[in-house]
Amino acid sequence: MSERLQPGDVAPDFELPDADASPVSLASLRGKRVILYFYPAALTPGCTKEAVDFQGSLGDLEAAGVAVVGISPDKPAKLAKFREKEGLTFPLLSDPDAEVLRAYGAYGEKKLYGRTVVGVIRSTFLVDAEGRIEKPYYNVKATGHVERLRRDLGL
């Protein structure tokens, strides 16, 4: 597993394709706070719950000047299905080689049903307007996570 990011670290920049295969970079979001959340797989129960929770809070987050971006190893076509099925309006980015996941320490060994496996470690990062890690959240649960972020942001 990659080293974990700490508050104040420069957020690793990236450019990844979204659900429409259009490139999106972290640098293009400079000037606003960004919630980057990393999830294992679109169209699965936990990841759907998390995405729907973000969508439900999107108005409040955007009003507070915070953008939301989801990143998973899924291909753009699967992300497009996920977006359409769940009515998601924030960007979902594809990282099939897990390069960005690794750069954020969100890929590696984890426990799954008592076994050690290698995969996506559900994690979220609040990135400040200058592109630095404001707060990292590792090993988060899909349920209740967005509410915790809202509390931390004072929403």
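See the structure shown above.
My aim in this report is to walk through the structure given alongside it, one point at a time. Keep in mind that this is a model prediction, so the values were computed, not measured.

1. Remarks on the pattern of salt bridges
Pairs can form between side chains of opposite charge once their charged atoms are near each other. By the definition in use, this model includes 10 salt bridges. Across the salt bridge formed by Arg-83 and Asp-20, the nearest N and O atoms sit 3.0 Å from each other. Pair noted here: Arg-83 is in helix H2 (residues 76-86) and Asp-20 is in the loop between strand S1 (15-17) and strand S2 (23-25), with a separation of 63 residues, a long-range link. Between Arg-122 and Glu-50 there is a salt bridge, with the nearest N and O atoms lying 2.7 Å from each other. Of this pair, Arg-122 sits in the loop between strand S7 (115-120) and strand S8 (123-127) while Glu-50 sits in helix H1 (residues 45-63); the two residues are 72 residues apart in sequence, bridging distant segments of the chain. Residue classification places Arg-122 among the buried positions, given a relative accessible area of 15%. Residues joined by salt bridges that share partners form a network here, namely Asp-20, Arg-83 and Glu-84.

2. Examining H1
An ideal rise of 1.5 Å per residue puts 27 Å on 19 residues; H1 measures up with 28 Å between its terminal C-alpha atoms. Taking the largest bend as the criterion, H1 deviates by roughly 55°, centred on Ser-57. Where H1 terminates, the next one or two residues include Gly-65, which has phi positive at roughly 80°.

3. Brief notes about the packing of aromatic side chains
Pairs of aromatic rings are described using the distance from one ring centre to the other and the angle between the two planes. Within this structure, the stated rule accounts for 9 aromatic pairs. Ring centres of Phe-125 and Tyr-138 lie 5.3 Å apart, and the angle between their planes is 85°; on these two criteria the pair is classed as edge-to-face. Of this pair, Phe-125 sits in strand S8 while Tyr-138 sits in the loop between strand S9 (133-137) and helix H4 (145-152); the two residues are 13 residues apart in sequence, bridging distant segments of the chain. In this pair, the class of Phe-125 matches that of Tyr-138, namely buried. The rings of Tyr-37, Tyr-39, Phe-54, Phe-82 and Phe-90 are connected pair by pair, giving a single aromatic cluster. Lying over the aromatic face of Tyr-138, Arg-4 brings its terminal NZ or CZ to 4.3 Å of the ring centre.

4. Some thoughts on the side chain of Asp-74
Mapped onto the elements of the fold, Asp-74 is located in the loop between strand S4 (66-72) and H2. Polar contacts involving the side chain of Asp-74 include one to the main-chain amide nitrogen of Ala-42, which spans 2.7 Å. Once residues lying within four places of it in the same chain are set aside, the contact partners of Asp-74 are Tyr-39, Pro-40, Ala-41, Ala-42, Leu-79, Ser-94 and Asp-95.

5. Here we look at empty space enclosed by the protein
Throughout the structure, instances matching the rule amount to 1 cavity of 30 Å³ or more. One number sums up the size of the largest cavity: a volume of about 30 Å³. In this structure, the largest cavity is lined by Leu-26, Leu-29, Arg-30, Lys-32, Val-34, Val-127, Asp-128 and Gly-131. Taken together, the residues that form the lining of the largest cavity break down as 4 nonpolar, 1 polar and 3 charged.

So, how was this worked out
The residue numbering used here restarts from 1 in each chain and proceeds along that chain's sequence as written. Under the rules for a predicted model, residues below a pLDDT of 70 receive no local features and side-chain atom pairs below 80 are neither given nor counted, while totals for whole chains, interfaces and linings still include all residues. Water and hydrogen atoms were dropped before computing side-chain values, which therefore reflect all heavy atoms in the structure. We count a salt bridge whenever a side-chain nitrogen from Lys or Arg sits within 4 Å of a carboxyl oxygen from Asp or Glu. Numbering of helices and strands starts at the N terminus; helices are DSSP runs of H or I of at least 4 residues and strands are runs of E of at least 2. Only protein chains enter the accessibility calculation, which uses a 1.4 Å probe; a residue whose area is less than 20% of its type maximum is buried, one above 50% is exposed, and one in between is partly exposed. Helices are assigned an expected span. That span is 1.5 Å times one less than the residue count. Fitting axes to the seven residues that end at a residue and to the seven that start at it, the angle between those axes gives the bend at that residue. Two aromatic rings, drawn from Phe, Tyr or Trp (for Trp, its six-membered ring), form a pair once their centres lie within 6.5 Å of each other, and the interplanar angle then sorts them: stacked below 30 degrees, edge-to-face above 60, tilted otherwise. For a Lys NZ or an Arg CZ to count as sitting over a ring, it must be within 6 Å of the ring centre and within 35 degrees of the ring normal. Here a polar contact is recorded for every N or O atom pair within 3.5 Å, except that within protein the pair must consist of a potential hydrogen donor and a potential acceptor, and residues adjacent in sequence are included only if both atoms are side-chain atoms. When checking whether two residues touch, look at their non-hydrogen atoms; a contact exists if any pair is within 4.5 Å. Residues are called lining when one of their atoms sits within 4 Å of a cavity or pocket point, these points coming from a 1 Å grid over the protein atoms alone, where a cavity is a set in which a 1.4 Å probe fits but cannot get out and a pocket is an open set with protein on both sides within 12 Å along at least five of seven lines. Grid points are joined across faces, edges and corners, and a volume is the space filled by probe spheres set on the points. Residues are grouped as follows: Ala, Val, Leu, Ile, Met, Phe, Trp, Tyr, Cys and Pro are nonpolar; Asp, Glu, Lys and Arg are charged; all remaining types, including Gly, are polar.

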